[in-house]
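Commentary on secondary and tertiary structure
So you can see what is in the structure, the chains are spelled out below.
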Amino acid sequence: MPISKELLEYQTVDAELRKIEQEIAASEERKKFIQAKKFMETAGEKLEAQDKRARELKALAEKLTEEFEEINKTISDYADLDEMVESGGDIAFYKKSVQSLVERLRTMRGELSKLTADIENACEEYKRMKKQTISMQKQYKEYSEKFKEVKSARAEEVKAISDRLEKIGANIPPEILARYNVKRRERIFPVVAPLTNGRCICGMDFAIAQQGALSGGNVIECEHCHRFIYKE
Ligand SMILES: [Zn+2]
């Protein structure tokens, strides 16, 4: 039997397998399973980002605290202001210094309220993330089971089709079959297509010389879409 006939028969049976694969892929069980799986895969990264943010906020809080202490110390130095003025200190200089302290305190107040809001937001985000992680862990456990059930419910059908494919495949040259399977994995389907008016189904034109190579049921690969082309 010409290769093209064997390949077409193989493809017809393979289409049944593909249909089952597509039904499984489109199932709610798989979608929920994949969603939870993807979440779990990126959860570590998200937690790390939150950790980093918490460290940044902590460093900011420490810096502000340090500055407060510095300012407190400076203010306590002014407890002896009378004495300092009496012993000839420049009052204009002290005034200026106090003025800058007041200004610094004012900006620090703004920084502190921003920091407080940032910490509250980070806490909220952490709580959200924790809740989501717990729910996704539950979903992962539940749906990895359900997805398994969906697959095993079709296992018999898949096995029967695979057996038929093996039988048909035994008549196809192994290197052609291997190439067919590569294309199939690359989601090219149909893998085998007829030449129509000198064209592949992707629209690629075949030269007359190339078309000659198709006689006797031979197949050639389309240069553009890499399908196997045959002549009807
Ligand atoms: Zn093509």
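For every chain, the first residue of the written sequence is number 1, and numbering continues from 1 along that sequence. With the structure being a predicted model, the display of local features is reserved for residues of pLDDT at least 70 and the display and counting of side-chain atom pairs for 80 or more, all residues being used for whole-chain, interface and lining totals. Values shown for side chains rest on all heavy atoms present in the structure; no hydrogens or waters enter the calculation.

Thoughts on the overall build of the protein chain
What the protein chain contains, in helices and strands, is 7 helices and 3 strands. On C-alpha atoms alone, the protein chain measures out to a radius of gyration of 37 Å, which is more than a quarter above the 17 Å that the 2.2 N^0.38 rule sets for 232 residues. Taking the principal axes of the C-alpha coordinates as reference, the protein chain spans close to 115 × 45 × 25 Å. For every residue, the accessible area (1.4 Å probe, protein chains only) is compared with the maximum for its type, and the residue is labelled buried under 20%, exposed over 50%, or partly exposed between those bounds. Going through the 232 residues of the protein chain one by one, you find that 28% of them count as buried. For the protein chain, restricting intrachain contacts to residue pairs at least 6 apart in sequence, the fraction spanning at least 24 positions comes to 70%. Summing over all exposed atoms, the protein chain offers an accessible surface of approximately 16,100 Å²; the carbon and sulfur share of this is 54%. To qualify as a helix, a DSSP run of H or I must reach at least 4 residues; to qualify as a strand, a run of E must reach at least 2; elements of each kind are numbered from the N terminus. Values of the radius of gyration come from C-alpha atoms, whereas the globule rule sets the reference at 2.2 Å times the count of residues to the power 0.38. We call two residues in contact whenever any of their non-hydrogen atoms come within 4.5 Å of each other. The accessible surface values rely on the Shrake-Rupley method and a 1.4 Å probe; as for residues, cover is taken only from the protein chains in view.

With respect to the coordination of the zinc ion
Distances up to 2.8 Å from the metal define which N, O and S atoms are donors, and 3.2 Å serves for Na, K and Ca; water is absent from the atom set, so sites may look incomplete. The zinc ion binds to the protein through C200 (SG), C202 (SG), C222 (SG) and C225 (SG); the donor distances cover 2.2 to 2.3 Å. Between 85 and 135 degrees for all angles marks four donors as tetrahedral; over 155 degrees for opposite donors together with 65 to 115 for all other angles marks four donors as square planar and six as octahedral; every other arrangement is irregular. Relative to the metal, the 4 donor atoms surrounding the zinc ion lie at angles of 106 to 113°, and the coordination shape comes out tetrahedral. A relative accessible area of 28% means that C202 is categorised as partly exposed. Of the residues examined, C222 reaches a relative accessible area of 0% and is grouped as buried.

As for a negative patch on the surface
Excluding any residue in a salt bridge, patches collect residues exceeding 30% relative accessible area, merging like charges within 9 Å and nonpolar Val, Leu, Ile, Met, Phe, Trp and Tyr side chains within 5 Å. The salt bridge definition used is simple: a Lys or Arg side-chain nitrogen within 4 Å of an Asp or Glu carboxyl oxygen. Residues scored as charged are limited to Lys and Arg (positive) and Asp and Glu (negative), so that His and the chain ends carry no count. A charge is said to be at NZ when it belongs to Lys, at CZ for Arg, at CG for Asp and at CD for Glu. Taken together, the side chains of D77, D80, D82, E83 and E86 make up a negatively charged region of the molecular surface. A per-element tally of the negative patch places helix α3 (residues 81-86) first, with 3 residues.

A look at the side chain of Q11
Looking at the element boundaries, Q11 is found in helix α1 (residues 3-25). In this structure, Q11 is in contact with Y180, F189, P190, V191 and V192, ignoring residues within four places of it in sequence.

Structural notes on the sheet that holds strand β2 (residues 220-221)
Here, any two strands with at least 2 DSSP bridges between them count as paired. Read from one edge of the open sheet, 3 strands run β1-β3-β2, paired in mixed fashion. Strands at the two margins of the open sheet, each flanked by one partner only, are β1 (192-194) and β2. Sheet analysis places β1 next to strand β3 (residues 228-230), joined by 3 bridges and oriented parallel. Counterpart to A193 in the pairing with β3 is I229. To obtain each axis, a line is fitted to C-alpha atoms, and for helices this fit is confined to the stretch in contact; angles are then taken between N-to-C directions over 0 to 180 degrees. The strands touched by helix α6 (residues 174-185) within the sheet are β1, β2 and β3, with β3 carrying the most contacts at an inclination of about 120°.

Brief notes about the domain arrangement of the protein chain
For the protein chain, the assigned domains read domain 1 (3-171) and domain 2 (173-232). Segmentation into domains, and thus their bounds, comes from an automatic or database assignment. Its C-alpha centre places domain 1 at a distance of 47 Å from the equivalent point of domain 2. Listed per partner, the contact involves 13 residues of domain 1 and 15 residues of domain 2. The contact between domain 1 and domain 2 buries some 1,300 Å² in all, and 62% of this surface belongs to carbon and sulfur atoms. Buried area is a sum: the accessible area each of two parts loses on coming together, probed at 1.4 Å, counted once for each and added.

Side note on the nonpolar core
As used in this record, nonpolar core signifies buried Ala, Val, Leu, Ile, Met, Phe, Trp, Tyr and Cys residues forming a set joined through side-chain atoms within 4.5 Å. Of all hydrophobic cores here, the largest spans 23 residues; its most connected members are L7, Y10, Y180, V192 and F228. At the level of elements, α1, α4 (91-153), α5 (155-169), α6 and β3 are the ones that each hand at least two residues to this core. In terms of residue count, α1 provides more of this core than any other element does, 6 residues in total. Taken domain by domain, this core gets at least three of its residues from each of domain 1 (3-171) and domain 2 (173-232). Ranked by size, the runner-up nonpolar core spans 9 residues in total, among them L195, C200, I220 and I229.

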